Amino acid sequence: MKVLIYSLISLIFLVSGCSSPTTTPKDTTPPATPTRISALTGDQKISLSWAANSESDLASYTLHYGTDSASLTGNITISAPATTTELSSLTNGTAYFFNLDAV
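Residues numbered from 1 in each chain as written. Predicted model: local features only at pLDDT ≥ 70, side-chain atom pairs only at ≥ 80, totals over all residues. Heavy atoms only, no water.

Engineer: Explain the overall build of the protein here, please?
Structural biologist: What the protein contains, in helices and strands, is 1 helix and 6 strands. Taken from N to C terminus, the helices and strands of the protein fall in the order α-β-β-β-β-β-β. Taking contacts inside the protein between residues at least 6 apart in sequence as the whole, the part at least 24 apart equals 57%. Summed over its atoms, the accessible surface of the protein is roughly 7,700 Å², and 57% of this surface lies on carbon and sulfur atoms. (Helix = DSSP H or I, 4+ residues; strand = E, 2+ residues; numbered from the N terminus. Contact = heavy atoms within 4.5 Å. Areas by Shrake-Rupley, 256 points an atom, 1.4 Å probe, with all protein chains shown as cover.)

Right, here's the structure in full:
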């Protein structure tokens, strides 16, 4: 009986060890920086739009924003293929800085 159990366990390990996992090459090329960005301001809001990126694997855009160009503390994720977003509840008369990344 012991021989049968050991043989069965060895067979399971042998069979599971025969398969080799397939790997898909990892895409290491980042999407292009969005272009033709435009802004339209309103009362306590700003609407931003940009040209759509052409990469087939583009997932989203990330908008970083804040009142200090060295420290953009706000972040919004915009799912592709959208090419517009609006920020509201901003303070009139305050300068805001924006950075848009394609992901």
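Engineer: Where do I start with the sheet that holds strand β1 (residues 38–42) in this structure?
Structural biologist: Sheets are built from strands paired through backbone hydrogen bonds, the pairs being either parallel or antiparallel. Pairing is antiparallel in the open sheet, where 3 strands are placed in the order β1-β2-β5. Every other strand in the sheet has two partners, leaving β1 and β5 (84–88) as the edge strands with one partner each. Direction aside, the axes of adjacent strands within the sheet are offset by 15 degrees on average. In this sheet, strand β2 (residues 45–49) lies alongside β1 in antiparallel orientation, the contact comprising 5 bridges. Within β2, the residue paired with G42 across the bridge is K45. (Pairing = 2+ DSSP bridges. Axes fitted to C-alpha atoms, helices over the stretch in contact; angles between N-to-C directions.)

Engineer: Can you help me understand the environment of F98 in this one?
Structural biologist: With respect to the helices, strands and loops of the structure, F98 is situated in strand β6 (residues 97–102). Distance from F98 to S69, taken between C-alpha atoms, is 7.9 Å for residues 29 residues apart in sequence.

Engineer: Just to check I follow, could you spell out the side chain of H64 for this structure?
Structural biologist: Residue position: H64 is located in strand β3 (residues 60–66). Engagement of the side chain of H64 in a polar contact is seen with the side chain of D101, the distance being 3.0 Å. Residue contacts for H64: discarding those within four places in its chain leaves L72, G74, N75, F97, F98, N99 and D101. (Polar contact = N/O pair within 3.5 Å; in protein donor to acceptor, adjacent residues only side chain to side chain.)

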